[in-house]
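Each chain, letter by letter, is given below.
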Amino acid sequence: MFSIEHEFDATVVTLVDEGEDGTAPAEDVTVSAFEECITLTQFDARRNDSVQITLTMGQVRDLLVALDLPEGVYRRD
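Calculation notes
Residues numbered from 1 in each chain as written. Predicted model: local features only at pLDDT ≥ 70, side-chain atom pairs only at ≥ 80, totals over all residues. Heavy atoms only, no water. Helix = DSSP H or I, 4+ residues; strand = E, 2+ residues; numbered from the N terminus. Rg over C-alpha atoms; globule rule 2.2 N^0.38 Å. Buried < 20%, exposed > 50% of the residue type's maximum accessible area, 1.4 Å probe, protein only. Patch = residues over 30% accessible without salt bridge, like charges linked within 9 Å, V, L, I, M, F, W, Y side chains within 5 Å. Areas by Shrake-Rupley, 256 points an atom, 1.4 Å probe, with all protein chains shown as cover. Salt bridge = Lys/Arg side-chain N within 4 Å of Asp/Glu carboxyl O. Lys, Arg positive; Asp, Glu negative; His and termini not counted. Charge placed at Lys NZ, Arg CZ, Asp CG, Glu CD.

Engineer: Is there a simple way to explain the overall build of the chain in this structure?
Structural biologist: A tally of regular secondary structure across the chain gives 1 helix and 5 strands. Its helices and strands taken in sequence order, the chain reads β-β-β-β-β-α from the N to the C terminus. Since a compact globule built from 77 residues should have a radius of gyration of about 11 Å, the 15 Å found for the chain marks it as more spread out than a globular shape. Summarising its shape, the C-alpha atoms of the chain cover approximately 40 × 35 × 25 Å along the three principal directions. Residues classed as buried in the chain amount to 16% of the 77 residues present.

Written as structure tokens, this is what we have:
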């Protein structure tokens, strides 16, 4: 399940894991798409704090391409 919200400076998508096959659900992941970057935020219960990862738009493009490639090391031109 997910939700989408359009804020002043970002589009925010929240991914909700409802658990599958009897597994405990993971914490929600919030993806915030800004003009210059994308952030992923998830609560870490072990640390009792949220963890955030920031991807540049170049990294996001690389990730999208990488999902369709076999193992290896690549450089995007």
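Engineer: Mind showing me how you'd approach a negative patch on the surface here?
Structural biologist: On the surface, a cluster of negative charge is made up of Asp17, Glu18, Glu20, Asp21, Glu27 and Asp28. Note that glutamate 20 resides in the loop between strand S2 (11-15) and strand S3 (29-33). Of the residues examined, glutamate 20 reaches a relative accessible area of 57% and is grouped as exposed.

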